[in-house]
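Examination of the molecular architecture
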Amino acid sequence: MERRLEEYIPVAGKDVVNQLYQLAEPLKGMRVVHLNSTREGGGVAEILDRLVPLKRELGLDTVWEVIQGEPPFYVCTKGMHNALQGDPVDIGPDLLRVYEETNRSEADRLRGLLEDADMVFIHDPQPAQLITHCPRRKGPWVWRCHIDLSRPHRPVWKYLRRHVKAYYASIWHIPSFAQPLERPQYLIPPSIDPLSEKNRDLNSDELQATYRTYALDPDRPILLQVSRFDRFKDPIGVIQAYRLAKRFVPLQLILAGGTASDDPEGRLVLEHVRDAASGDPDIHVLLLPPDAHRTINALQRIADLVLQKSLKEGFGLTVTEAMWKQKPVIGGDVGGIRLQVVNHHTGFLVSTPEGAAHRIRYLLKNRGRLNDMGRKAYRFVQESFLLTRHLREYLTLMVGLAHNSHDRIEL
Ligand code: UDP
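In this report, the structure presented in the accompanying data block is examined. (Residues numbered from 1 in each chain as written. Predicted model: local features only at pLDDT ≥ 70, side-chain atom pairs only at ≥ 80, totals over all residues. Heavy atoms only, no water.)

Here we come to the overall build of the protein chain. Helices and strands together make up the secondary structure of the protein chain, namely 15 helices and 12 strands. Taking 2.2 N^0.38 as the reference for a compact globule, 411 residues should give roughly 22 Å; the C-alpha atoms of the protein chain span a radius of gyration of 21 Å, in line with that estimate. Put simply, the protein chain has 411 residues, and 57% of those count as buried. In the protein chain, the proportion of contacts linking residues at least 24 apart, taken out of those at least 6 apart, comes to 72%. Accessible area of the protein chain: about 17200 Å², with a carbon and sulfur share of 49%. (Helix = DSSP H or I, 4+ residues; strand = E, 2+ residues; numbered from the N terminus. Rg over C-alpha atoms; globule rule 2.2 N^0.38 Å. Buried < 20%, exposed > 50% of the residue type's maximum accessible area, 1.4 Å probe, protein only. Contact = heavy atoms within 4.5 Å. Areas by Shrake-Rupley, 256 points an atom, 1.4 Å probe, with all protein chains shown as cover.)

The subject of this paragraph is the packing of helix α2 (residues 14–24) against helix α15 (residues 387–402). Where α2 meets α15, the closest approach of the two axes is 9 Å, and the angle between their N-to-C directions is 25 degrees. By the angle class used here, α2 and α15 are roughly parallel. Both α2 and α15 take part in a crossing whose hand is left-handed. From α2, V16, Q19, L20, L23 and A24 reach across to α15, where they touch T388, L391, R392, L395, T396 and V399. Along the lines of polarity and charge, the residues of the contact of α2 with α15 split into 7 nonpolar, 3 polar and 1 charged. (Axes fitted to C-alpha atoms, helices over the stretch in contact; angles between N-to-C directions. Parallel < 35°, antiparallel > 145°, perpendicular 65-115°, else oblique. Left-handed = near helix turned anticlockwise from the far one by under 90°. Nonpolar A, V, L, I, M, F, W, Y, C, P; charged D, E, K, R; others polar.)

Evaluated as defined, the whole model comprises 3 cavities of 30 Å³ or more. If you go around the largest cavity, the residues you meet are E46, I47, R50, S191, I192, D193, S196, N199, L317, E321 and L387. At the level of elements, α3 (43–57) and α11 (317–324) are the ones that each hand at least two residues to the lining of the largest cavity. Sorting elements by how many residues they give to the lining of the largest cavity places α3 first, with 3 residues. When the residues that make up the lining of the largest cavity are grouped by side-chain class, the tally is 4 nonpolar, 3 polar and 4 charged. (1 Å grid on protein atoms, 1.4 Å probe; cavity = no way out; pocket = protein on both sides within 12 Å on 5 of 7 lines; lining within 4 Å. Points joined across faces, edges and corners; volume = space filled by probe spheres on them.)

Attention now goes to the packing of aromatic side chains. Summed over all chains, the structure comprises 11 aromatic pairs. Here the aromatic cluster, defined as three or more aromatic residues joined through ring pairs, consists of F73, Y74, Y99 and Y159. A cation sits over an aromatic face here: K55 above Y394, 4.0 Å from the ring centre. In this structure, R231 packs its charged tip against the face of F232, placed 5.8 Å from the ring centre. (Phe/Tyr/Trp six-rings, centres within 6.5 Å; stacked < 30°, edge-to-face > 60°. Lys NZ or Arg CZ within 6 Å of the ring centre and 35° of its normal.)

Right, let's get into the sheet that holds strand β10 (residues 305–308). Strand order in the open sheet made by the 6 strands is β9-β8-β7-β10-β11-β12, with parallel pairing throughout. Every other strand in the sheet has two partners, leaving β9 (283–287) and β12 (347–350) as the edge strands with one partner each. The sheet shows a mean angle of 20 degrees between the axes of neighbouring strands, direction not considered. Contacts between helix α10 (residues 293–302) and the sheet are confined to β7 (222–226), β8 (252–257) and β9, with β7 contributing the most and set at about 145 degrees to the helix. (Pairing = 2+ DSSP bridges.)

Moving on, we come to the site of the ligand. Near the ligand you find 16 residues, and of these G43, R228, K233, G258 and E321 are the closest. In the environment of the ligand, an oxygen atom lies 2.7 Å from a nitrogen or oxygen atom belonging to the side chain of R228. A distance of 2.4 Å separates an oxygen atom of the ligand from a polar atom in the side chain of E321. For the ligand, whose unbound accessible area comes to 540 Å², protein coverage reaches 89%. Elements supplying a minimum of two residues to the shell around the ligand: α3 and α11. In terms of residue count, α11 provides more of the shell around the ligand than any other element does, 3 residues in total. (Near = heavy atom within 4 Å. Polar contact = N/O pair within 3.5 Å; in protein donor to acceptor, adjacent residues only side chain to side chain.)

Two numbers describe how helix α5 (residues 93–116) lies on helix α6 (residues 154–164): the axes approach to 13 Å, and their chain directions differ by 15 degrees. Judged by the angle between their axes, α5 and α6 are roughly parallel. You can see that α5 and α6 cross each other, and the crossing is right-handed. Touching L96, Y99 and E100 of α5 are Y159, L160 and H163, all from α6. Of the residues that constitute the contact of α5 with α6, the class distribution is 4 nonpolar, 1 polar and 1 charged.

Another point: helix α8 (residues 235–246). Along its 12 residues, α8 runs 16 Å from first to last C-alpha, staying within 8% of the 16 Å computed at 1.5 Å per residue. Residues P235, G237, V238, I239, A241, Y242 and A245 constitute the buried set of α8. On its buried face, α8 is in contact with β7, β8, α9 (266–277), β9, β10 and α13 (353–365). (Expected span 1.5 Å × (residues − 1).)

Attention now goes to the pattern of salt bridges. Counted according to the given criterion, the structure contains 28 salt bridges. Linking D108 and R111 is a salt bridge whose minimum nitrogen-to-oxygen distance equals 3.0 Å. You can see D108 and its partner R111 sitting in helix α5, 3 residues apart, about one turn around the helix. For the salt bridge of R220 with D217, the shortest nitrogen-to-oxygen distance reads 2.9 Å. By relative accessible area, D217 is classed as partly exposed at 22%. What you see here is one network of salt bridges that share partners, running through D217, R220, K246, D280 and D282. (Salt bridge = Lys/Arg side-chain N within 4 Å of Asp/Glu carboxyl O.)

Right, let's get into the sheet that holds strand β5 (residues 169–172). By way of backbone hydrogen bonds, the strands of a sheet pair with one another, either parallel or antiparallel. With respect to topology, 6 strands assemble into an open sheet ordered β2-β1-β3-β4-β5-β6, the strand pairing being parallel. Each edge of the open sheet carries a strand with a single partner, namely β2 (61–66) and β6 (185–187). Pairwise comparison of adjacent strand axes, ignoring direction, gives a mean angle of 20 degrees for this sheet. Where β5 meets β6, 3 bridges bridge the pair, whose relative direction is parallel. Bridging from a neighbouring strand, I171 pairs with Y186 of β6. Here α3 sits on the sheet in contact with β1 (31–36), β2 and β3 (119–123), set at roughly 160 degrees to β2. Set on the sheet, α5 makes contact with β1, β2, β3 and β4 (141–144); between it and β2 the angle comes to about 175 degrees.

No statement about biological role is implied by the geometric values presented.
See the structure below:
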């Protein structure tokens, strides 16, 4: 359901919403394109699904397009994704050819839209090469990186960099991901929509029903990790942490996830997770459909503790979502999780299953501390990671780009 901007006033404040109208004024009528590789599954789709309608409501003629490829294209881009997050894998010439051909043929399909746009935001590596095939660009193109590029496998970054160099500018979540490039680089962390099905308040009947639907015991603590089934999310490490902690506290574990249409590895990881979990009726591995937003919301609310034990993480919207529900998060000490989990304040940063188990045990035995951290986590999200802040930063950047040669911008 589309939201009206006014509805954000009670959560974000009137001044914040007014400022959005003010910033959007000089951009009205502008044709803006966002382009990524999937309409559902994963954080990028989640963000665009919320951001694009609000930009439209503010008067920007905004379109969300998705690059489409055959299965080998996604095998290539998943390999690229893994390598850019540090896996030492090389991508063979055949797969790179598929990548280049898909970008070329998708450029043929989308060229009119892209070249005529006043501003284009290309998200992540999958469609990064489109720029090469669109030489008559009317407006600036910006590459928006959502992944943890702090220690990329060099040959793959070197390859991608050739395309990224052609962009007018790039946007990153945090400084440590940014790479040497000659063009301007901007930092904009992601956000959640507090009014979406995934994040809005739910009544207690719905929460009670969730225990029944998934055969959960309301009297024993629940640990939760919500993630695509992806090795970098370390679901096996989560199971290990749960097993270690369960020696000291009664526990149930939910691993809830789905697969994204641009992620061909999900099935295999899910099989490993099911093997690792087999024989323990207190581990609930839930394969959810892509629109299970309310279910995820309810699970995050009934959980006592939320884990996001990633080994690499661009940002981790699931961390923000849990914090918004007043849950401290035990998160991997990596990437964008570090921006959200302020160690010992809004959760704990951990590097091993043992470390995670130690923190699980500590928080479940110290409920006062758990609740206090949960409240701090909520406030931190309210100040820093809501959609309204994200939109403000996008609009500010766009005003800057649209008035590039001006010394002074009247709003
Ligand atoms: N998500 C979902 N269903 C799932 C798994 C994840 O809707 O089965 C959502 C999750 O709630 C979050 C987003 O997908 O909003 C994942 O974003 P995140 O930044 O945590 O990770 P990514 O998948 O982008 O690496």
